[in-house]
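One-letter residues, chain by chain:
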Amino acid sequence: MVLLQSSSTDSSWWVFTLPAFLGSEVLSDHSLLVVSLFVASISAVLLAWALSSGGPAWANGRSQRGPTQIPGPRGIPLFGSIFSLAQGLPHRTLAKLSHSNHATELMAFSIGSTPAVVSSEPGVAKEILTHPNFADRPLKRSARELMFARAIGFAPSGTYWRMLRRIASTHLFAPRRIAAHESGRQFDCSTMLSGIQSEMASTGSVKLRHHLQGAALNNIMGSVFGKRYNLSEQNADAEVLKQMVREGFSLLGAFNWSDHLTWLPKMFDPSRVEKRCADLVPRVRNLVSQIIDEHRKSLGGCPRQLGDNGDFVDVLLSLEGEEKLNEDDMIAVLW
């Protein structure tokens, strides 16, 4: 990334020589200067696009740093292949692009300003998944706004991420703890099946999504926060939580143009990501903070002997020393 920035800076030195070449009289005509700069910028963009295999995100020789250039479609300037992927099923579109560009092992393409690679070869895919250069998961704007930059799924590779991984493997997802919560999962499954049977008997058909979402929500709430809801009855707290989870998944899972067109949010936010995140985060903080406070009060200021059936909040509150997390990090991890 540093090399790319340096190369970009060096290639634009001529902008600062314009006064010497044009002279003060020409510079007094602002319209001519603006037009000249605009034409020069467009020309530079088109030249970088024309010379880059893989599209604009792979400009400045990015796809040629290895012994073999990575082939791929150029797409269109600024946008790359973003519109091609919006047509039909993405995996079929990528298959057609790789075939037409003779890039069956590895293909470079651009999603706006985001460089991407795709491979169907098991050996190449394994190397990508295990190579340290791919250790960091791309941080979407919504994930950053929703505090996930401090959670294990999106935290950058480093000391903090390694600590979270150690906490997860040793405490949160240890085999004995997963086994201890088996009864809760069985209960959630039985409740879901009873609900499906009841709806089938009364209406003759079943909409599974509601039942699956309810079972998943209760399973997560039970193992993470130590509380479950009776979803067969109207429950205001459960409905609020469902809305928050749906909104969070919508923000994280939906395609967001501003993640790949970095200049777009300065003019327009088509998905209203900033506003929706700003509305959701205080609600999340309030809910998780209340649950953490309830667990602290139940301890009464005394250390608890943590058993295998303790929930994730109990586990995080029991950590000591360098593993102990502050409350903001706890909220991000639990959320």
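About the criteria used
Residues numbered from 1 in each chain as written. Predicted model: local features only at pLDDT ≥ 70, side-chain atom pairs only at ≥ 80, totals over all residues. Heavy atoms only, no water. Helix = DSSP H or I, 4+ residues; strand = E, 2+ residues; numbered from the N terminus. Buried < 20%, exposed > 50% of the residue type's maximum accessible area, 1.4 Å probe, protein only. Contact = heavy atoms within 4.5 Å. Areas by Shrake-Rupley, 256 points an atom, 1.4 Å probe, with all protein chains shown as cover. Expected span 1.5 Å × (residues − 1). Arc of directions from axis to C-beta. Axes fitted to C-alpha atoms, helices over the stretch in contact; angles between N-to-C directions. Parallel < 35°, antiparallel > 145°, perpendicular 65-115°, else oblique. Left-handed = near helix turned anticlockwise from the far one by under 90°. Nonpolar A, V, L, I, M, F, W, Y, C, P; charged D, E, K, R; others polar. Pairing = 2+ DSSP bridges. Salt bridge = Lys/Arg side-chain N within 4 Å of Asp/Glu carboxyl O. Core = buried A, V, L, I, M, F, W, Y, C linked by side-chain atoms within 4.5 Å. Phe/Tyr/Trp six-rings, centres within 6.5 Å; stacked < 30°, edge-to-face > 60°.

### Observations regarding the overall build of the protein
Part 1: Of the regular secondary structure elements, the protein holds 15 helices and 2 strands.
Part 2: Taking all 335 residues of the protein together, 31% fall into the buried category.
Part 3: The contacts of the protein with a sequence gap of at least 6 include a subset with a gap of at least 24, amounting to 58%.
Part 4: Surface accessibility of the protein: about 21000 Å² in total, with carbon and sulfur atoms responsible for 59%.

### Some words on helix α10 (residues 182-203)
Counting along an α-helix, one turn takes 3.6 residues, and residues three or four places apart therefore face a common direction.
Part 1: The terminal C-alpha atoms of α10, which comprises 22 residues, lie 32 Å apart, in line with the 32 Å expected from a rise of 1.5 Å per residue.
Part 2: For α10, the complete set of buried residues consists of Gly 184, Asp 188, Met 192 and Ile 196. Taken around the axis of α10, the buried residues stretch over an arc of 110 degrees, which confines them to a single face. Along α10, the residues that are exposed and aim more than 90 degrees away from the buried face are Ser 183, Phe 187, Gln 197 and Ala 201.
Part 3: In this structure, the buried side of α10 is in contact with α11 (208-225).
Part 4: With its phi angle positive at about 85 degrees, Gly 204 sits one or two positions after the end of α10.

### Description of the packing of helix α12 (residues 236-253) against helix α13 (residues 273-299)
Each pair of packed helices gets described by two things: the angle between the helix axes and the distance between those axes.
Part 1: Where α12 contacts α13, the two axes come as close as 11 Å, and the packing angle between them is 140 degrees. Taken together, α12 and α13 sit at an angle that is classed as oblique. The crossing of α12 and α13 is left-handed. For the pair formed by α12 and α13, the contact residues are Val 240, Leu 241, Gln 243, Met 244, Glu 247, Gly 248, Ser 250 and Leu 251 on the first element and Val 273, Arg 276, Cys 277, Leu 280, Arg 283, Val 284 and Leu 287 on the second.
Part 2: Residues that form the contact of α12 with α13 fall into these classes: 9 nonpolar, 3 polar and 3 charged.

### Re the packing of α13 against helix α15 (residues 327-334)
Part 1: It is at 10 Å that the axes of α13 and α15 come closest, and there the two elements cross at 110 degrees. Comparing their axes, α15 and α13 come out roughly perpendicular. Contacts between α13 and α15 involve Arg 285, Val 288, Ser 289, Ile 292 and Arg 296 from the first element and Glu 327, Asp 328, Met 330, Ile 331 and Leu 334 from the second.
Part 2: Here the contact of α13 with α15 is composed, by residue class, of 5 nonpolar, 1 polar and 4 charged.

### Points about helix α5 (residues 90-100)
Part 1: By the burial criterion, the buried members of α5 are Thr 93, Leu 94, Leu 97 and Ser 98. Looking straight down α5, one finds its buried side chains confined to an arc of 130 degrees; they lie on one side. Across α5 from its buried face, at more than 90 degrees, point the exposed residues His 91, Arg 92, Lys 96 and His 99.
Part 2: Lining the buried residues of α5 we find α4 (82-85), β1 (107-111) and β2 (114-118).
Part 3: The positive-phi residue at the C-terminal boundary of α5 is His 102, with phi of around 55 degrees.

### Thoughts on the pairing of β2
Part 1: The pairing of β1 with β2 spans 5 bridges and is antiparallel. Residue pairing in the sheet places Phe 109 in a bridge with Ala 116 of β2.
Part 2: A loop of 2 residues connects β1 with β2, the two strands running antiparallel in sequence, and Gly 112 in this loop sits at a positive phi of about 65 degrees.

### Let's talk about the pattern of salt bridges
Part 1: What the rule picks out here adds up to 12 salt bridges.
Part 2: One salt bridge in this structure joins Glu 323 and Arg 166, with 3.3 Å as the shortest N-O distance. Here the residue Glu 323 occupies a position in the loop between α14 (312-318) and α15, and Arg 166 occupies one in helix α8 (residues 159-172), the gap between them amounting to 157 residues.
Part 3: The partly exposed category is assigned to Arg 166, whose relative accessible area is 34%.
Part 4: For the salt bridge of Arg 296 with Asp 293, the shortest nitrogen-to-oxygen distance reads 3.8 Å. Here the residue Arg 296 and the residue Asp 293 both occupy positions in helix α13, the gap between them amounting to 3 residues, near one helical turn.

### Some thoughts on the nonpolar core
Part 1: With 40 residues, the main nonpolar core has Phe 225, Ile 292, Leu 316, Leu 325 and Leu 334 as its most contacted residues.
Part 2: Residue contributions to this core peak at 8 residues, all from α13.
Part 3: Among residues more than four places away in sequence, those in contact with Phe 225 are Ile 220, Val 288, Ile 291, His 295, Asp 311, Val 313 and Leu 334.
Part 4: In terms of nonpolar packing, the next biggest core, distinct from the first, is built from 9 residues, Ile 82, Met 107, Ile 111 and Ala 116 among them.

### Structural notes on the packing of aromatic side chains
Part 1: Within the structure shown, the criterion is met by 6 aromatic pairs.
Part 2: Look at Phe 79 and Phe 83: their rings are 5.1 Å apart centre to centre, the planes differ by 40 degrees, and that puts the pair in the tilted class.
Part 3: Both rings, one in Phe 173 and one in Phe 312, keep their centres 5.4 Å apart while their planes meet at 90 degrees; by these two values the pair is edge-to-face. Residue Phe 173 is located in the loop between α8 and α9 (175-180), and its partner Phe 312 is located in helix α14; the two are separated by 139 residues in the primary sequence.

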